[in-house]
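# Results of the structural survey
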Amino acid sequence: MQTLCVGTDAGDLAARRAALDIEPDQQGVIGRPAEAADQIRAYQDAGADRIYLELLDLTDLGQLSLFADRVLPLLRN
């Protein structure tokens, strides 16, 4: 399981990290959409066929939409 923290840009990402109290060195799928997709792709390349993403703030529907709209399309190949 990996913590999910995705932001549209550096400012949005920093705000989400602060709201979720995610430390700079914390592991997870953390970054802008392309970075998040690259991190997930690294697990695929290592042989994983499934990844569990932990949403720490279930009220942040914007992050879920961002993931669905901007990260998932990058993984559909």
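Structure shown above.
A few points on the structure. (Residues numbered from 1 in each chain as written. Predicted model: local features only at pLDDT ≥ 70, side-chain atom pairs only at ≥ 80, totals over all residues. Heavy atoms only, no water.)

## Concerning the overall build of the protein chain
How we decide: Numbering of helices and strands runs from the N terminus; a helix is a DSSP stretch of H or I covering at least four residues, while a strand is a stretch of E covering at least two. Here the globule rule reads 2.2 Å times residues to the power 0.38, and the radius of gyration is calculated from C-alpha atoms. Residue burial is assigned from relative accessible area. The probe radius is 1.4 Å, only protein chains are included, and a residue is buried under 20% of its type maximum, exposed over 50%, and partly exposed in between.
Check the secondary structure of the protein chain and you find three helices and three strands. Against the compact-globule benchmark of 11 Å for 77 residues, the protein chain has a radius of gyration of 12 Å, which places it among compact chains. Referenced to the eigenvectors of the C-alpha coordinate spread, the extents of the protein chain come out at roughly 30 × 25 × 20 Å. Out of the 77 residues in the protein chain, the part that is buried amounts to 31%.

## Quick notes on unusual backbone geometry
Of note, the phi angle at D21 is positive, near 60°, even though the residue is not glycine. For D21, the location among the structural elements is in the loop between α1 (10–20) and β2 (29–31).

## Points about the sheet that holds β2
How we decide: Note on pairing: DSSP must find at least two bridges between two strands before they are called paired. In this analysis, two residues are considered to be in contact whenever any of their non-hydrogen atoms come within 4.5 Å of each other. To define axes, lines are fitted to C-alpha atoms, for helices over the stretch in contact only, and angles between the resulting N-to-C directions are given on a 0 to 180 degree scale.
Read from one edge of the open sheet, three strands run β2-β1-β3, paired in parallel fashion. Whereas interior strands pair on both sides, the edge strands pair on one side only; in this sheet they are β2 and β3 (53–54). α1 contacts β1 (2–6) and β2 of the sheet and is inclined by roughly 135° relative to β1. With respect to the sheet, helix α3 (residues 61–75) is in contact with β1 and β3, its orientation differing from that of β1 by roughly 85°.

## Description of helix α2 (residues 33–45)
For the record, the criterion: To estimate how far a helix should reach, multiply one less than its number of residues by 1.5 Å. This arc is taken over the directions from the axis of the helix to the C-beta atoms.
The terminal C-alpha atoms of α2, which comprises 13 residues, lie 18 Å apart, in line with the 18 Å expected from a rise of 1.5 Å per residue. Taken residue by residue, α2 has P33, A36, A37 and I40 as its buried positions. One side of α2 carries all its buried residues, which in axial view fall inside an arc of 95°. Looking at the buried residues of α2, the elements they touch are β1, β2, β3 and α3. Phi for G47, located one or two positions after α2, is positive at around 110°.

## Some words on the environment of A46
Considering the arrangement of structural elements, one finds A46 in the loop between α2 and β3. Sequence-wise, A46 and T59 are 13 residues apart; in three dimensions their C-alpha atoms are separated by 32 Å.

## Brief notes about the nonpolar core
To keep it simple, the criterion reads: Side-chain atoms within 4.5 Å are what join buried Ala, Val, Leu, Ile, Met, Phe, Trp, Tyr and Cys residues into a set we call a nonpolar core.
Among the nonpolar cores identified, the biggest contains 10 residues, and these are L4, V6, V29, A36, A37, I40, L66, F67, V71 and L75. Among the secondary structure elements, those contributing two or more residues to this core are β1, α2 and α3. With four residues, α3 is the largest single contributor of residues to this core. Excluding residues that lie within four positions of it along the chain, L4 makes contacts with L20, V29, L53, E54, L55, Q63 and F67. Counting residues in each nonpolar core, the second largest holds five residues, with C5, L13, L20 and I30 among its members.

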